[in-house]
Number of protein chains: 2
Amino acid sequence: MKSISDRWSRVFITSVSPRVYDGDWHIKRTVGEPIHVTAGMIVDGHDLLRAGLYVTHLGGATEEISMTPLHNDEYTASFTADSPGIYTYHIRGWIDRYGSWQEQYTRRYEANMPASELKVELLEGAALLKEYAVNAPVAAREKLLAYAKRYSNGDTAAPLEEESLLLARKNDPQKGAIQSDAITVEVDRKLAAFAAWYEFFPRSTSTVAGIHGTFDDAALRLERIRDLGFDIIYLPPIHPIGTTFRKGKDNDPTAKPGEPGSPWAIGSPDGGHTSVHKDLGGLRAFERFLKTANDLGIEVALDIAFQCSPDHPWVTQHPEWFKKRPDGSIRYAENPPKKYQDVYPLDFECADWRELWEALKNVFEFWIKRGIYIFRVDNPHTKPLAFWMWCLKRLRTKYPDLIFLAEAFTRPKSMYTLAKIGFNNSYTYFTWRNTKKEITDYLQELCCSNTAEYFRPSFWPNTPDILHEYLTSGGRPAHIIRYILAATLSPVYGVYGPPFEHVIANQHPDREEYADNEKYEIRSWNWNDPSSLQSLFKSVNLIRNQHPALQELRNLQFLKIENPLMLAYWKHTDSNSIVCIVSLDPFQVQEGELELPLEQLNLPNASPFQMLDLLGGERYIWQGRFHSIRVDPHVMPARIFQVLKRVRTEADFDYFV
Amino acid sequence: MKSISDRWSRVFITSVSPRVYDGDWHIKRTVGEPIHVTAGMIVDGHDLLRAGLYVTHLGGATEEISMTPLHNDEYTASFTADSPGIYTYHIRGWIDRYGSWQEQYTRRYEANMPASELKVELLEGAALLKEYAVNAPVAAREKLLAYAKRYSNGDTAAPLEEESLLLARKNDPQKGAIQSDAITVEVDRKLAAFAAWYEFFPRSTSTVAGIHGTFDDAALRLERIRDLGFDIIYLPPIHPIGTTFRKGKDNDPTAKPGEPGSPWAIGSPDGGHTSVHKDLGGLRAFERFLKTANDLGIEVALDIAFQCSPDHPWVTQHPEWFKKRPDGSIRYAENPPKKYQDVYPLDFECADWRELWEALKNVFEFWIKRGIYIFRVDNPHTKPLAFWMWCLKRLRTKYPDLIFLAEAFTRPKSMYTLAKIGFNNSYTYFTWRNTKKEITDYLQELCCSNTAEYFRPSFWPNTPDILHEYLTSGGRPAHIIRYILAATLSPVYGVYGPPFEHVIANQHPDREEYADNEKYEIRSWNWNDPSSLQSLFKSVNLIRNQHPALQELRNLQFLKIENPLMLAYWKHTDSNSIVCIVSLDPFQVQEGELELPLEQLNLPNASPFQMLDLLGGERYIWQGRFHSIRVDPHVMPARIFQVLKRVRTEADFDYFV
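Here goes a summary of the coordinates provided. Every value quoted in this text rests on a predicted model; they were computed, and no experiment measured them.

Cut-offs used in this document
- Residues numbered from 1 in each chain as written.
- Chains lettered and ligands numbered in written order.
- Predicted model: local features only at pLDDT ≥ 70, side-chain atom pairs only at ≥ 80, totals over all residues.
- Heavy atoms only, no water.
- Helix = DSSP H or I, 4+ residues; strand = E, 2+ residues; numbered from the N terminus.
- Buried < 20%, exposed > 50% of the residue type's maximum accessible area, 1.4 Å probe, protein only.
- Contact = heavy atoms within 4.5 Å.
- Lys, Arg positive; Asp, Glu negative; His and termini not counted.
- Charge placed at Lys NZ, Arg CZ, Asp CG, Glu CD.
- Least-squares fit on C-alpha atoms with pLDDT ≥ 70 in both.
- Pairing = 2+ DSSP bridges.
- Polar contact = N/O pair within 3.5 Å; in protein donor to acceptor, adjacent residues only side chain to side chain.
- Phe/Tyr/Trp six-rings, centres within 6.5 Å; stacked < 30°, edge-to-face > 60°.
- Lys NZ or Arg CZ within 6 Å of the ring centre and 35° of its normal.
- Axes fitted to C-alpha atoms, helices over the stretch in contact; angles between N-to-C directions.
- Parallel < 35°, antiparallel > 145°, perpendicular 65-115°, else oblique.
- Left-handed = near helix turned anticlockwise from the far one by under 90°.
- Salt bridge = Lys/Arg side-chain N within 4 Å of Asp/Glu carboxyl O.
- Buried area = accessible area lost by both parts, 1.4 Å probe.
- Nonpolar A, V, L, I, M, F, W, Y, C, P; charged D, E, K, R; others polar.

1. Concerning the overall build of chain A
- Each helix and strand counted, chain A has 15 helices and 31 strands in total.
- Taken along its principal axes, the extent of the C-alpha atoms in chain A is 105 × 70 × 45 Å.
- Counting every position in chain A, which comprises 657 residues, the buried fraction comes to 60%.
- For chain A, restricting intrachain contacts to residue pairs at least 6 apart in sequence, the fraction spanning at least 24 positions comes to 74%.
- A distance of 3 Å separates the average location of the 74 positive side-chain charges in chain A from that of its 84 negative side-chain charges.

Right, dumping it as structure tokens:
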């Protein structure tokens, strides 16, 4: 906060929101989304204040928006960004000297003070208007001076004309104004805030079981995925895979001949992070795949994992980019006594770190130039935060459409910091939040605390690395429950599709992940199985797309439902109101009494309203606060209700008086 | 946050507390109170971190305190200030490179890795120790190099000796360290955080009814007030009172002959803000009064009201310090159409503002030099905040024992900002918070939010300006309830004593204040009425002084009691635990079931504990969570329980095995 003039200011800005509380980080918003700014501002005594919101748009032009006073010394205004990029805003406040004078004068006038007294006060108003006139545009100056003259001449009714106030406010020199620090807004395109992701391994797309699929095979899967309502295809790494210390089935330390290896063991003599595995058809096949996707209106996200197999070209071309042991050998990844000899970590602190960082940034640029604008970044928390700050800032300045998803399932402070320093989307602990209390507490933290200003969760019921016991034990109802929770609690969600839609949930005996894990082998999927969950995907994605309430993060509010195994929540925009009821029990029928806070939902107390179940299509007429809901998980464990404000009555007819 | 070296740091400080969230303001603490600092800190990967707390004490010496890791990437340490003044602290974090190496080495060693592999790793440890040795003191350097030599020679067991780790940590060059911004701590003496104030009008202390009392009369009242347990005597303004437009009884616009006027109409030909009313005995009598007070161990707080009666010497000596109307007359205080012709506000923005501000600061210094260190500042929110920032900073730098109480009953943002800019104590809305929900919500805000870092509430059940209907209608039980609430909810509280202790609560018909208001007339009080509330004052103040739990602000926690007219709360320190039960109903008997959270109170579930009612002296043996409490407001509307952990059993005897 600083005074605009060279002197102290009587005005004090006490708060500005939205902002991130614990540091000078960017808040995140999307194109077209109104940004509602509120400032607290005070002055000694009883003078009126005026506040302006100043928005610096892309290209540097500043927009000035007058702020409206609310209660409790707060002022508000909104702005909207029309393209992605970095915006800033700040607040300015000043004493409305003429307005304060005019308000006091009016009170004197209306209390019928003697004209002699009023005339003395008029001279003060005239002096103010003359001061305001000095730097006003010619037309306004003349009008201001005309008023000043009428005041000097004792025209006691003149200040009651609204024009004088409007003129003065428009030409106020804002003496003693004060200004807040600037707050930075990172504006992303909408897909960063509302998107459904679908993950699959392109090598598992051949129609012949056991044969390595190519990008041409994978391209055949795209239309269906688009029709299911997904926006983004996310592919695990597509690069050549190393053979040295290659891992076999289910992470066996020794691969058998013919085993394909893990896509995260990146690099072979065929190339590294800018090459495409030759069994996938190489770069040309990938480009064809990408064109098909884009023609279908679906985007492709690549997985960028900054680590190398011992066969990566960089190992020989740039040995200085890797950590050495004192005997000169490259240090492989370790968690002593465990060894991960198939992975060489990069040394971000090496003497040549500038060249390394540049090369890594160039990996992104290589793919950006080929049309990839969305990246899922593997384990960003094992690389220096300073690298990501540097890299993401440079890339997004040049390509504001980029979206980066941070794959960090690590401790909370690291995950939140990655979001602060520039990741647009973040994986979360959603997978491990399964009870009513766990889900409620976590969602309060994500949606209803300051976290929501910078951290955009992406909810995944499963990934190739994580298969939770809830899915393993709960079967199809559990899959439906977790899918609906992900897709309705969080505007951004994703699913590791093939095993999920087929409800294949065999857990590895030792690890919380899939058995027969696709990370280490080629699987074959029936992409058109009518008994799969694809119809659920389709209807839920359609509901999401048709209902703006499900496209926002910060509008979540939990409702009271009297059953510890049932969850109820409300999401709404000005014109769209959705109430979701989800049973968390995949086994038994559950019933609970829902309490609707009618006032908040803007629903009548004394007349009925309509609840439309968007999943099942049934309509219900409800009245009052309390409603018993019964859910059978083997039929459908959830209801997604659209709240329709009222039911027509005879009074709605024209001829009813 | 900034890197100590010239390069980027891998360490990230994610949060530091305590601090004020919404600006660069001071947190407030007291002498001798431990300041518990917690920092969030992360690094990429799995390296160990070390954190240091750096405290700059008075005089500029910096103390370094090693921080202890907690869970969730947090580190903690504490410090204590031993005299009042301004301290700062910051955090530094760095990677424990040797510690990380040693931890990984130990795991390899304990997994029985081949000696050949261990020896390669040992060379890395040796290199680190040699680097650490470079700038270590001679003795440490030799020891570090001796270890390095043993490592180089292949002594695989050497790194397991704890001494190497201790030596390395002590001499760590902290490469790549990062440092937080400094946070400022305003350390006050204890009386700023724990004090009982007693307000009275010295002119109402004569033993002869209707006669203007002097400071010599007033001095006779001091010993009793000290004996009742009060720490601070607060006097309304003691200066000469103007006669022009003097107000009569109950603010009548015209004073009758002989009426004494309001002490807030400051200044007469006898003097202004640095003079004492001659009917009070002048400055000499005041000095005698002050000596008596100090000899009794009680402090005196003066009321500083920066406004002038038309008769104040400044009006003629410094007309430039007052606002003029265009006709040249001095502008009196107004709220059009109301006029307050007995008060001239000072013009803090006048051309000579520097001289005026200096003169106002000198008013404080005049009284400081006479031994006054506590000031109640009248209506600070009608003077520029910039003035208070300037004035209080200069005064407290010179006199760190000063305590300023802000008399602002205005809007929340102004009150909180006055605390941020330097007022040590603040009046509150306590008077208007009378229901369970009102009290609970407000106290949560004051004690359990970030507000408590800078805003120190002073709770007043009444003032000469405010007599709430609750007191008027509820009589003696209401007075007892409000007094106990003030004194146990807030460590700093005060009472406008004489009418309160006599339960005189006649409200003025038009205003929320006392009828026959002492502001405008001399009253006469029976200071030794045995039926007054003085015995309550005495016992509550004694309880406060004996129980450290009641001397802290941020340790308040409300407990559940099943009665909307009863309030239960818990305050505790490590060794002292107090549970208060207060009925808010001054009329009827109330009964409610109290739920004690036994785990938090560190009480046994399966065995009894003792509750000692400090007000009544009764002891109770309780067991379990739920206890029914019955309170008769006409006997005593509250219980102040000390929780005594356990009741002895036969197992406590020595001979019980």
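What follows picks up the thread again.
2. Some thoughts on the relation of the copies chain A and chain B
- Relative to chain B, chain A is turned by 180 degrees and slid 0.1 Å along the rotation axis, the superposed coordinates differing by an RMSD of 0.1 Å. The transformation just described matches what one would write down for a two-fold rotation axis. Looking at the rotation axis and the C-alpha trace of chain A, the residue lying nearest is tyrosine 21 of chain A, at 3.2 Å.
- Of all interface residues in chain A, 100% are interface residues in chain B too; the two copies therefore contact each other through one and the same surface.

3. Details of the environment of tyrosine 105 of chain A
Residue and element names in this part refer to chain A.
- Checked against the element boundaries, tyrosine 105 lands in helix 1 (residues 97-110).
- Overall, the relative accessible area of 1% leaves tyrosine 105 in the buried class.
- Between the alpha carbons of tyrosine 105 and glutamate 121 there is a distance of 7.2 Å; along the sequence they are 16 residues apart.
- Discounting chain neighbours no more than four positions away, the residues touching tyrosine 105 are Leu118, Glu121, Leu122, Thr156, Pro159 and Leu160.

4. With respect to the pairing of strand 8 (residues 74-79) of chain B
All names here are of chain B.
- Of the two faces of strand 8, only one is covered, namely that formed by Tyr75, Ala77 and Phe79; the face formed by Glu74, Thr76 and Ser78 stays uncovered.
- Sheet topology note: the strand 4 (residues 35-43)/strand 8 ladder contains 6 bridges and is antiparallel. Opposite isoleucine 35, over in strand 8, you have phenylalanine 79 as the bridge partner.
- With 2 bridges connecting them, strand 7 (residues 68-69) and strand 8 associate as antiparallel partners. Each bridged residue has a counterpart across the sheet, and for proline 69 the counterpart in strand 8 is tyrosine 75.

5. Regarding the side chain of histidine 57 of chain A
Residue and element names in this part refer to chain A.
- Note that histidine 57 resides in the loop between strand 5 (49-56) and strand 6 (62-66).
- A polar atom in the side chain of histidine 57 sits 2.7 Å from the side chain of glutamate 63.
- Leave out the neighbours within four places in its chain, and histidine 57 touches Glu63, Thr80 and Tyr87.

6. As for the packing of aromatic side chains
- According to the stated counting rule, one finds 110 aromatic pairs over all chains in the structure shown.
- Seen from their ring centres, tyrosine 198 of chain B and phenylalanine 230 of chain B are 5.1 Å apart, and the 65 degrees between their planes marks the pair as edge-to-face. Here the residue tyrosine 198 of chain B occupies a position in strand 12 (residues 195-199), and phenylalanine 230 of chain B occupies one in the loop between helix 6 (222-227) and strand 13 (232-235), the gap between them amounting to 32 residues.
- Arranged with centres 5.4 Å apart and planes meeting at 65 degrees, the rings of tryptophan 388 of chain B and phenylalanine 423 of chain B form a pair that is edge-to-face. Of this pair, tryptophan 388 of chain B sits in helix 10 (residues 385-398) while phenylalanine 423 of chain B sits in the loop between helix 11 (412-420) and strand 21 (425-427), placing them 35 residues apart in sequence.
- On the basis of relative accessibility, which here comes to 0%, the residue phenylalanine 423 of chain B falls in the buried class.
- Among the aromatic residues, ring-to-ring pairing joins Trp8 of chain A together with Phe306, Phe348, Trp353, Trp357, Phe364, Phe375, Phe387, Trp388, Trp390, Phe404 and Phe423 of chain B into one connected group.
- For the cation-ring pair, arginine 7 of chain B lies above tryptophan 8 of chain B, with the distance from its terminal atom to the ring centre recorded as 4.3 Å.
- Over the ring of tyrosine 54 of chain B we find arginine 92 of chain B; its NZ or CZ atom is 5.0 Å from the centre of that ring.

7. What to know about the packing of helix 3 (residues 138-152) of chain A against helix 4 (residues 162-170) of chain A
Residue and element names in this part refer to chain A.
- At a closest axis distance of 10 Å, the pairing of helix 3 and helix 4 adopts a crossing angle of 130 degrees. Taken together, the axis directions place helix 3 and helix 4 in an arrangement best described as oblique. Relative to helix 4, the crossing made by helix 3 is left-handed. Residue-level contacts link Ala140, Lys143, Leu144, Tyr147 and Tyr151 of helix 3 to Glu163, Ser164, Leu167 and Ala168 of helix 4.

8. Considerations on the side chain of aspartate 44 of chain B
- Positionally, aspartate 44 of chain B belongs in the loop between strand 4 and strand 5 (49-56).
- Here aspartate 44 of chain B falls in the buried class, since its relative accessible area comes to 6%.
- Once residues within four sequence positions are removed from consideration, aspartate 44 of chain B is found in contact with His381, Thr382, Lys383 and Pro384 of chain A together with Arg10 of chain B.

9. Concerning the pattern of salt bridges
- Under the defined criterion, the tally for this structure stands at 100 salt bridges over all chains.
- The salt bridge involving glutamate 161 of chain A is made with arginine 150 of chain A; its shortest N-O contact spans 2.6 Å. Residue glutamate 161 of chain A is located in the loop between helix 3 and helix 4, and its partner arginine 150 of chain A is located in helix 3; the two are separated by 11 residues in the primary sequence.
- For glutamate 161 of chain A, a relative accessible area of 31% puts it in the partly exposed group.
- Where aspartate 516 of chain B meets lysine 249 of chain B, a salt bridge forms, and the shortest distance between an N and an O atom there is 2.7 Å. One end of the pair, aspartate 516 of chain B, is in the loop between helix 14 (497-501) and helix 15 (534-546); the other, lysine 249 of chain B, is in the loop between strand 13 and helix 7 (282-295), with 267 residues separating them in the sequence.
- The class for aspartate 516 of chain B is partly exposed, based on a relative accessible area of 30%.
- Note on lysine 249 of chain B: relative accessible area 35%, which makes it partly exposed.
- Residues joined by salt bridges that share partners form a network here, namely Arg108, Glu121 and Glu124 of chain A together with Arg325, Asp327, Arg331 and Glu334 of chain B.

10. Concerning the interface of chain A and chain B
- Contacts between chain A and chain B engage 57 residues on the former and 57 residues on the latter.
- Per-residue buried area on chain A facing chain B is highest for Trp8, Pro336 and Lys413 of chain A; these three make up 14% of the total on that side.
- Summed over the shared surface of chain A and chain B, the result is 18 salt bridges.
- Linking glutamate 121 of chain B and arginine 325 of chain A is a salt bridge whose minimum nitrogen-to-oxygen distance equals 3.1 Å.
- For the pair chain A and chain B, the number of links is 28 residue pairs in polar contact (both at pLDDT 80 or more).
- When contributions to the side of chain A that touches chain B are tallied by element, the ones reaching two or more residues are strand 2 (11-17), strand 4 (35-43), helix 1, helix 2 (115-133), strand 16 (333-335), helix 9 (353-369), helix 10 (385-398) and helix 11 (412-420) of chain A.
- The residue makeup of the side of chain A that touches chain B, split by class, is 22 nonpolar, 12 polar and 23 charged.

11. Remarks on the sheet that holds strand 28 (residues 609-613) of chain A
Residue and element names in this part refer to chain A.
- Read across the open sheet, the 8 strands follow the order 29-28-31-26-25-24-27-30; overall the sheet is antiparallel. At either margin of the open sheet sits one strand with a lone partner, and together these are strand 29 (619-622) and strand 30 (626-631). Here the average twist between neighbouring strands, direction ignored, is 35 degrees.
- Across the sheet, helix 13 (residues 469-489) lies against strand 24 (556-561), strand 25 (566-572), strand 26 (577-583) and strand 31 (638-644), angled at about 25 degrees from strand 25, the strand it touches most.

12. Considerations on the pairing of strand 28 (residues 609-613) of chain B
Residues and elements named next belong to chain B.
- With 5 of its 5 residues buried, strand 28 lies for the most part within the structure.
- In strand 28, alternate side chains face the same way, and those of Phe609, Met611 and Asp613 on one face and Gln610 and Leu612 on the other are all buried.
- In terms of strand pairing, strand 28 meets strand 29 (residues 619-622) through 4 bridges, oriented antiparallel. Pairing of phenylalanine 609 across the sheet is with tryptophan 622, part of strand 29.
- Between the antiparallel neighbours strand 28 and strand 29 lie 5 residues, among them glycine 617 with a positive phi of about 90 degrees.
- Bridge count for strand 28 against strand 31 (residues 638-644) is 4 bridges, and the pairing is antiparallel. Opposite methionine 611, over in strand 31, you have valine 643 as the bridge partner.

13. So, helix 11 of chain A
Residue and element names in this part refer to chain A.
- Counting buried positions along helix 11 yields 8 of 9 residues, so the element is predominantly enclosed.
- Listed in full, the buried residues belonging to helix 11 are Lys413, Ser414, Met415, Tyr416, Thr417, Leu418, Ala419 and Lys420.
- Of the residues one or two after helix 11, glycine 422 is the one with positive phi, at around 140 degrees.

14. Notes on the sheet that holds strand 14 (residues 299-304) of chain B
Residue and element names in this part refer to chain B.
- A barrel is described by the order of its strands in space; here 8 strands give the closed sequence 12-13-14-19-20-21-22-23, paired in parallel fashion. Averaged over all pairs of adjacent strands, the angle between strand axes in this sheet comes to 30 degrees, irrespective of strand direction.
- Summarising the sheet, strand 19 (residues 374-378) and strand 20 (residues 403-407) pair through 5 bridges and their orientation is parallel. Each bridged residue has a counterpart across the sheet, and for isoleucine 374 the counterpart in strand 20 is isoleucine 403.
- Sheet strands touched by helix 15: strand 12 and strand 23 (492-496). Its angle to strand 12, the strand with the most contacts, is close to 155 degrees.

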